[in-house]
Amino acid sequence: MQIHLIALSLLIFLSSRVFGKFNFIIFLTDDQDLILNSLEPLKNIEKFVTSKGVIFKNAFTTSPICCPSRSAILTGLYAHNTRTFNNSVEGGCYSNEWIEKHERRTFPAILHENGYKTFYAGKYLNDYYSKNIPYGYDDFYGLHGNSKYYNYTLTENGKVFKYGDMPEDYLTNVIKNQAKDFITNQSKDEPFLAIISTPSCHAPFTPEEKYKDALSNYTVPRSDNFNVGAKATEKHWLLTMKPKKLSETVISKIEHYYRSRLQTLLSVDDMVGDIINQLEKQSLIDNTYIIFTSDNGYHLGNWAMPWDKRLPYETDIKIPLIIRGPNVPQKHVVDFPVALIDLAPTVLSLAGISYNLSQFDGEPFDKLIDINNFDSERMFERQILIEHYGEGTRDTFNPECPYRKSQRLFGCSIDADCKCQDSWNNTYACVRHLASDIDFIYCTFNDHVSFNEAYYLTADPYQMNNVAYDLLPSVQALYQLTAEDLKNCQGDSCRVIRPIYPF
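Each chain carries its own residue numbering, running from 1 in the written order of its sequence. Reporting in this predicted model follows two pLDDT cut-offs: at least 70 for local features of residues, and 80 or more for side-chain atom pairs to be given and counted; totals over whole chains, interfaces and linings ignore these cut-offs and use all residues. No hydrogens and no water enter the side-chain calculation; it runs on all heavy atoms of the structure.

An unreviewed UniProt entry lists the protein under the name Sulfatase N-terminal domain-containing protein, with Chironomus riparius given as the organism. UniProt positions are given in the numbering used here, feature names are shortened, and annotations may be inferred rather than shown by experiment. Word for word, the UniProt comment on the protein under Sequence similarities (unreviewed entry) is "Belongs to the sulfatase family." Regarding the protein, the relevant UniProt record gives this comment under Cofactor (unreviewed entry): "Ca(2+)".

What follows is the structure, given as structure tokens:
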């Protein structure tokens, strides 16, 4: 009798492991800021996600540019370990190395190998132009190239389809319908993952027709650093280039782009509401984690830089991250620091899948959002690497702007007052250091003078006062050593905390 009871208990346990696994829906937006209030008009996200879960106050991308960040999300690795340095194939974006080495070890691939049905729709990696389905997906609807809203190409489970410019071709709605179809075919008996990767709110900022006149009263926040030119002693030289202030023409464009970006997100907001309604209709919502995030942030007029990412400032590196799901506390803001490289091990932990943590640079935070252990006041010390590899070359020279090929600048255009977006030596490594009494960033640039920047974020949230050269030499040395270590870290060594007190 005792043997039969043990056998029955084991059977019940194994059944719960097979059929009790959680589902995951990940909404991944493109270039969505947190600092400039892009979440404010998104009512469905507030109603169905934020009010039902936690919003992370200190969530960061580890590379403020699309392809390196997306590679980091999928693998849980820093850019120096995925070898995805920028948005080009030569820079590692959907390169042969990615396909052969990293694609088979993404967290969707691991979920797939452990019995999950897996789905991906929308933007994958910037240089994905292929009919091949990336390893580990049961259903794959991948956008060719960078974000578009109309006139784009999708690889749909191995077949290539071109879309036009009709209302029904709006990409956000197309991938929403593909996701709903996938969810409709799911049941409680088999766990699933769906990654829904929207074009919003990346350029060209094309809103859906019904939203093209929406939010007319919204204006870009006039923070202390808005249209403030940087002094040579305060910022890396890219930010000190002329003009010191943007023209009214460019400011007008910034306002237009700000509203257009928000308008594109209104369609994402609709999508989130529709997907969650579908989950509720099928009684799947209570067993499903909903994760809403972006690949990087964005600046608009800050430090007289027109519009882009790629900079080591809070506008560009801080991202929205909201999670609801089983055992996640509701209506909470949490302050412990997390990074996009943490998503891969966190999802695997939540799914109950065994893995070797040393294969990831990030660390799981699943136990920190468990309602049984939750403490919103806890702050865990973390030193996160923010790395960027400047894209400028002689080939990116624009003769319409008054610069030289030898400066190797990138993204210089007349419509932005020739204020360039990037340069070859806008290559930096930053230590984003957070603890209960520390909110600090230290950056070192790989340029001809090894320029450094550092900011006390509590006292200086807009990063106006560079204190890098006011720090004690010993503190400077410790942060430089930490940045160098993180630039070369792998796995467990990426989670080592060097004792530094920057005050």
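Caption draft 1: Quick look at the pairing of strand β12 (residues 321-324). The rule is simple: take the accessible area with a 1.4 Å probe, protein chains only, and divide by the maximum for that residue type; under 20% is buried, over 50% is exposed, in between is partly exposed. Helix and strand labels come from DSSP, where a helix needs a run of H or I of at least four residues and a strand needs a run of E of at least two; each type is numbered from the N terminus. In β12, alternate side chains face the same way, and those of L321 and I323 on one face and I322 and R324 on the other are all buried. In this description, strands pair whenever DSSP reports at least two bridges between them. Sheet topology note: the strand β2 (residues 53-56)/β12 ladder contains three bridges and is antiparallel. In the strand pairing of β12, V54 is matched with I323. In the sheet, strand β9 (residues 288-294) pairs with β12 via four bridges, with the strands oriented antiparallel. The residue of β12 that forms the bridge with I291 is I323.

Caption draft 2: How the structure looks around the nonpolar core. Counting 57 residues, the largest nonpolar core has I25, F27, I196, I275, L279 and L300 as its most contacted members. Put simply, the parts of the chain that give this core at least two residues each are β1 (23-29), α2 (43-48), β4 (117-123), β5 (139-143), α7 (171-184), β8 (192-197), α8 (248-281) and β9. Looking at which element gives the most residues to this core, the answer is α8, with 14 residues. Nonpolar core, defined: a set of buried Ala, Val, Leu, Ile, Met, Phe, Trp, Tyr and Cys residues in which side-chain atoms within 4.5 Å join the residues together.

Caption draft 3: Structural context of the packing of aromatic side chains. Whether two aromatic rings pair depends on their centres lying within 6.5 Å, for rings of Phe, Tyr and Trp, where Trp uses its six-membered ring; planes under 30 degrees apart make the pair stacked, over 60 edge-to-face, and the rest tilted. Under the definition given, this model contains 36 aromatic pairs. When the centroid spacing of 5.4 Å and the interplanar angle of 10 degrees are considered together, the rings of Y442 and Y479 count as stacked. With Y442 in strand β19 (residues 438-445) and Y479 in helix α11 (residues 473-487), this residue pair connects regions lying 37 residues apart in the sequence. Note on Y479: relative accessible area 0%, which makes it buried.

Caption draft 4: Here's a closer look at the UniProt feature "modified residue: 3-oxoalanine (Cys)" (unreviewed entry) in the protein. According to UniProt, the positions carrying the feature "modified residue: 3-oxoalanine (Cys)" (unreviewed entry) are C66. Structurally, C66 can be placed in helix α3 (residues 66-75). Residue contacts are defined here by distance: any two heavy atoms, one from each residue, within 4.5 Å place the two residues in contact. Sequence-distant contacts of C66, defined by excluding residues within four places in its chain, comprise D30, D31, N87, K123, N126, H202, D295, N296 and K309.

Caption draft 5: Spatial organisation of α7. A helix is expected to span 1.5 Å multiplied by its residue count minus one. Between its first and last C-alpha, α7 extends 20 Å over 14 residues, near the 20 Å set by a 1.5 Å rise per residue. Across the 14 residues that make up α7, a large majority, 10, are buried. Looking at α7, one finds that the buried residues are L171, T172, N173, V174, I175, K176, Q178, A179, F182 and I183.

Caption draft 6: Structural context of the pairing of β8. Summarising burial for β8: six of the six residues are buried, a large majority. By the alternation rule, side chains of β8 split into F192, A194 and I196 and L193, I195 and S197, which are all buried. Alignment of β1 against β8, held across five bridges, turns out to be parallel. Bridging across to β8, L28 finds its partner in S197.

Caption draft 7: The sheet that holds strand β20 (residues 452-456), seen in detail. Taken in spatial order, the four strands of this open sheet run β15-β18-β19-β20, and their pairing is antiparallel. Strands with a single pairing partner mark the edges of an open sheet, and in this sheet they are β15 (382-388) and β20. Across the sheet, the mean angle from the axis of one strand to that of its neighbour is 15 degrees, orientation sign disregarded. Both β19 and β20 contribute to a ladder of five bridges, which runs antiparallel. What sits directly across from T444, in β20, is N452. Helix axes are fitted only over the stretch in contact, all axes being lines through C-alpha atoms; the angle between N-to-C directions runs from 0 to 180 degrees. Along the sheet, α11 makes contact with β15, β18 (428-435), β19 and β20, crossing β18 at roughly 110 degrees.

Caption draft 8: Region of interest: the state of the cysteines. Here, a disulfide means two cysteine sulfur atoms that sit within 2.5 Å of each other. For the structure on display, the rule yields five disulfides. The disulfide that involves C401 links it to C418, with 2.1 Å between the sulfurs. Disulfide C401-C418: torsion about the S-S bond near -85 degrees, hence left-handed. Residue C401 is found in the loop between β15 and β16 (409-410), and its partner C418 is found in the loop between β16 and β17 (422-423); the two are separated by 17 residues along the sequence. For the pair C401 and C418, one class covers both residues: buried. Covalently, C430 is tied to C443 through a disulfide, its sulfur atoms 2.1 Å apart. Residues C430 and C443 are joined by a disulfide whose S-S torsion is about 110 degrees; by sign, that bridge is right-handed. Pair noted here: C430 is in strand β18 and C443 is in strand β19, with a separation of 13 residues, a long-range link. Within the protein, bonded cysteines paired by disulfides and numbered along the sequence follow the pattern 1-2, 3-5, 4-6, 7-8, 9-10.

Caption draft 9: The arrangement of the side chain of N23 in detail. Tracing the sequence through the fold places N23 in strand β1. N23 sits in the buried class, given a relative accessible area of 3%. With sequence-adjacent residues up to four places away left out, N23 is seen in contact with E190, P191, F192, L284, N287, T288 and Y289.

Caption draft 10: How the structure looks around the UniProt feature "domain: Sulfatase N-terminal" (unreviewed entry) in the protein. In the numbering used here, UniProt assigns the "domain: Sulfatase N-terminal" (unreviewed entry) feature to residues 23-353. Regarding residues 23-353, the helix share stands at 28% and the strand share at 18%, and the terminal C-alpha atoms are separated by 13 Å.

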